[in-house]
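# Inside the fold
Next come the chains, spelled out residue by residue.
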Amino acid sequence: MLFRSFDQPEWREEALDALEFICERQTGPDGRFRPIGSDSFGVKHDHLPFDQQPLEALAAIEACLFACTQKFDSKWREHAEAAYGWFHGHNDRGDSLVDIKRGICRDGITARGINKNSGAESLLAYQLSYYAMLDLTRICAGEGGHVAQSRSGGSTRPVAAA
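Residues numbered from 1 in each chain as written. Predicted model: local features only at pLDDT ≥ 70, side-chain atom pairs only at ≥ 80, totals over all residues. Heavy atoms only, no water.

### A closer look at the side chain of Q52
This is how the line gets drawn: Secondary structure elements are defined from DSSP: runs of H or I of at least 4 residues count as helices, runs of E of at least 2 residues count as strands, and each element is numbered from the N terminus. When a residue's accessible area, from a 1.4 Å probe over protein chains only, is under 20% of the maximum for its type it is buried; when over 50% it is exposed; and in between it is partly exposed. Identification of polar contacts relies on pairs of N or O atoms within 3.5 Å, with a donor-acceptor requirement for protein atoms, meaning one able to donate a hydrogen and the other able to accept it, and with residues adjacent in sequence counted only if both atoms are side-chain atoms. We call two residues contacting when some pair of their heavy atoms lies within 4.5 Å.
Assignment of secondary structure puts Q52 in the loop between helix 2 (12-25) and helix 3 (54-70). In this structure Q52 comes out as buried when scored by relative accessible area, which is 1%. In terms of polar contacts, Q52 uses its side chain to reach the side chain of W86, at 2.8 Å. In contact with Q52, other than residues within four places in its own chain, are R34, P35, W86, D92, D107, G108 and I109.

Right under this line is the structure:
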């Protein structure tokens, strides 16, 4: 968050408000994490659902993790959990992007379904998300919080990679 780089603590609330605005835009009608689709880029006043990419989920998780270090609020944990669940099938397609046995993460979700490619960027986005969720779990435990169940009832706790 920029307020730390410029040593401007009064910007903190504005930064957290901006993140809250983004989190609201990244939540689909069913409450699941839905990043702004890349098909929306350059389109005025329209948010299209596809293409969704792992990097967007990672960015949401890391932003919420940082927000928790600044001002604990369960909404940051909940949004991060929803974004992490996106990798595991809590998404618009209901399909997991992660195959732990093969050690891959698919490249995203398109209007036609799961992108079957599995590049290094996607795998790194998933792995970094996993470690960010571990950090978030530790922070929440320190605040008396816990990693909750996802909105669909399944656990969104990080799973160990094989």
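After that view, the rundown keeps rolling.
### Some points on the packing of aromatic side chains
Counted only if it meets this: To pair, rings of Phe, Tyr and Trp, with the six-membered ring standing in for Trp, must have centres within 6.5 Å; the planes then decide the type, stacked if under 30 degrees apart, edge-to-face if over 60, and tilted in the middle. When the NZ atom of lysine or the CZ atom of arginine is within 6 Å of a ring's centre and also within 35 degrees of its normal, the charge is said to sit over that ring.
In the structure shown here, the tally under the stated rule is 6 aromatic pairs. On the basis of an interplanar angle of 75 degrees and a centroid distance of 5.4 Å, the ring pair of W86 and F87 is categorised as edge-to-face. A relative accessible area of 0% means that W86 is categorised as buried. Aromatic side chains F87 and Y126 sit 5.2 Å apart centroid to centroid with 65 degrees between the ring planes, which places their arrangement in the edge-to-face category. Taken as a pair, F87 in helix 4 (residues 74-87) and Y126 in helix 5 (residues 120-142) lie far apart in primary sequence, 39 residues in all. Since its relative accessible area comes to 0%, F87 is described here as buried. Three or more aromatic residues joined by ring pairs make a cluster, and in this case those are F33, Y84, W86, F87 and Y126. The lysine or arginine in question, K75, covers the ring of W76, its NZ or CZ lying 5.1 Å from the ring centre.

### Overview of the nonpolar core
Selection rule: As used in this record, nonpolar core signifies buried Ala, Val, Leu, Ile, Met, Phe, Trp, Tyr and Cys residues forming a set joined through side-chain atoms within 4.5 Å.
Core analysis: the biggest nonpolar cluster contains 30 residues, and F33, I61, W76, Y84, W86, F87 and L136 have the highest contact counts within it. Every element with two or more residues in this core is listed here: helix 2, helix 3, helix 4 and helix 5. Among residues more than four places away in sequence, those in contact with F87 are P54, A57, I61, S96, L97, V98, C105, A125, Y126 and S129.

### Concerning the pattern of salt bridges
Rules: Between Lys or Arg on one side and Asp or Glu on the other, a salt bridge is scored when a side-chain nitrogen of the former is within 4 Å of a carboxyl oxygen of the latter.
Scanning all chains against the criterion turns up 9 salt bridges. Of the charged contacts in the structure, one is a salt bridge between K75 and D73, with a shortest N-O distance of 3.8 Å. On the basis of relative accessible area, K75 is assigned to the partly exposed category, the value being 30%. The salt bridge involving R138 is made with D135; its shortest N-O contact spans 2.8 Å. Residue R138 and its partner D135 are both found in helix 5; the two are separated by 3 residues, about one turn of the helix.

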